[in-house]
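Structure assessment
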Amino acid sequence: TNKENSMISFSIITAFYKGNQYIPSLVKIAERNAETLKNAAIDAAVELVIVNDSPEITANIPEVKSSVSYKVVNHKENAGIHQARVTGLKNCSGNYVVFLDQDDELKDDCLLEEYKIIGDADVVVANAYIENAEGTFRKHFKSKGQYINAFDVNTYIKGHNQIVSPGHCLIRKSAIPREWLVYIMKTNGSDDLFLWILMLYSKCKFAMCEKVVYTHKHTGNNLSADETKMAASSIEIVDFLKQIDYIPNDHIDVFLRNRKEKIELANANGLCRSMIYLRNLDIFWPRIWWKIRYWIYK
């Protein structure tokens, strides 16, 4: 695949659902990132692609003169986050994409900082702030070991999603596996987990940006914060993985068992929890190593 066109271009793709209150912020994010790139003497085009997944609502983009291009794509019926992101991907013009949730935020230098690092990589994973329920913020990546874990496919198969959101990742559009565009998840929550699994098994190159460029906002109903719902959502991935020839069947079996274990643990206590762990020692022990790796690679 030809990795680049001559023009550098970025697409910020947002799945929109009854979110007109967020549009001014999204527009500001796109414009300020374009301005930062220009000030750094990087000749790049920036576009904001909003995929309206709430057909009964009109997504209102303010009509202002801007160096950033704006595009609204309307779904005829609600199709979920995964389909909205894929629709955005099919309608964007960027070499590089960021899948930004409508309520989250990018710093003004997000695209610049990630572009400076991407080189021949397919994905840059930057650091992020996560907003807690009480309004405080915590940094997501606290060590290089945590990044090493995030670039190890086993942590996704036997653990959980290591990346808060695709919002803090700059992705080379041409590297996104075809299967992610074909097998569309109906249940919201794990389409990004599905993407990382496909990219890691496809031997895509991941790079890290230690700078915080993204804020994951707490809205009171963040699906990613609910482990049980996310585990249930990720089980939908299993049927898709079984149809993809480069994913080993025994890995799929472990992935499914891991997700079922999470649901069981959420509803168990005491002796029952111990029995669940004993039944899944092959999944449990690697997690100890990942915790050690977290601490030894500071």
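Residues numbered from 1 in each chain as written. Predicted model: local features only at pLDDT ≥ 70, side-chain atom pairs only at ≥ 80, totals over all residues. Heavy atoms only, no water.

A short note on the pattern of salt bridges
All chains considered together, the criterion is met by 14 salt bridges. A salt bridge links Glu56 to Lys18; the nearest nitrogen and oxygen atoms lie 3.3 Å apart. Here Lys18 lies in the loop between strand S1 (8-16) and helix H1 (23-39) and Glu56 lies in the loop between strand S2 (44-52) and strand S3 (69-74), a separation of 38 residues in the sequence. Accessibility expressed as a relative area gives 52% for Glu56, which makes it exposed. Judged by relative accessible area, Lys18 falls into the partly exposed class, the value being 41%. Residues Asp191 and Arg85 are paired through a salt bridge, measuring 2.8 Å at the closest nitrogen-oxygen approach. Taken as a pair, Asp191 in helix H7 (residues 191-201) and Arg85 in helix H2 (residues 81-90) lie far apart in primary sequence, 106 residues in all. The structure contains a network of salt bridges with shared partners spanning Asp109, Glu113, Lys116 and Lys211. (Salt bridge = Lys/Arg side-chain N within 4 Å of Asp/Glu carboxyl O. Helix = DSSP H or I, 4+ residues; strand = E, 2+ residues; numbered from the N terminus. Buried < 20%, exposed > 50% of the residue type's maximum accessible area, 1.4 Å probe, protein only.)

Side note on the pairing of strand S6 (residues 123-131)
The buried fraction of S6 amounts to eight of the nine residues, a majority that puts the element mostly inside the structure. With eight bridges joining them, S6 and strand S9 (residues 206-216) adopt parallel strand pairing. Across the sheet, the residue bridging to Val124 is Ala207, located in S9. Here S6 folds back onto strand S7 (residues 137-139) in antiparallel fashion, the turn holding five residues, of which Gly135 has a positive phi close to 95 degrees. (Pairing = 2+ DSSP bridges.)

Section: the packing of aromatic side chains
On inspection of all chains with the given rule, the structure shows 13 aromatic pairs. Residues Tyr277 and Phe284 carry aromatic rings whose centres are separated by 5.2 Å and whose planes lie at 55 degrees to one another, so their mutual orientation is tilted. (Phe/Tyr/Trp six-rings, centres within 6.5 Å; stacked < 30°, edge-to-face > 60°.)

What to know about H7
Among the 11 residues in H7, 11 count as buried, and that is most of the element. When we look at burial in H7, the residues that qualify are Asp191, Asp192, Leu193, Phe194, Leu195, Trp196, Ile197, Leu198, Met199, Leu200 and Tyr201. Positive phi shows up at Lys203, right after H7, with a value of about 65 degrees.

Description of the layout of surface pockets
The calculated volume of the second largest pocket comes to roughly 190 Å³. Lining the second largest pocket, in full, are Glu31, Ala34, Glu35, Lys38, Ile42, Asp43, Ala44, Ala45, Val46, Ser66, Ser67 and Val68. Elements that contribute at least two residues to the lining of the second largest pocket include exactly H1 and S2. Here the lining of the second largest pocket gets four residues from one element, more than from any other, and that element is H1. Partitioned by chemical class, the residues of the lining of the second largest pocket number six nonpolar, two polar and four charged. (1 Å grid on protein atoms, 1.4 Å probe; cavity = no way out; pocket = protein on both sides within 12 Å on 5 of 7 lines; lining within 4 Å. Points joined across faces, edges and corners; volume = space filled by probe spheres on them. Nonpolar A, V, L, I, M, F, W, Y, C, P; charged D, E, K, R; others polar.)

Observations regarding the environment of Ile81
Looking at where Ile81 falls in the secondary structure, it is placed in helix H2. Sequence separation of Ile81 and Phe16 is 65 residues, and the distance between their C-alpha atoms is 8.6 Å.

Re the nonpolar core
Within the largest apolar cluster, 49 residues are counted, with the highest numbers of intra-cluster contacts made by Ile171, Phe194, Trp196 and Met199. Ranked by residue count, the leading element in this core is H7, at nine residues. If you look at the next biggest cluster of nonpolar residues, it comprises 34 residues, including Ile29, Ala34, Val68 and Cys110. (Core = buried A, V, L, I, M, F, W, Y, C linked by side-chain atoms within 4.5 Å.)

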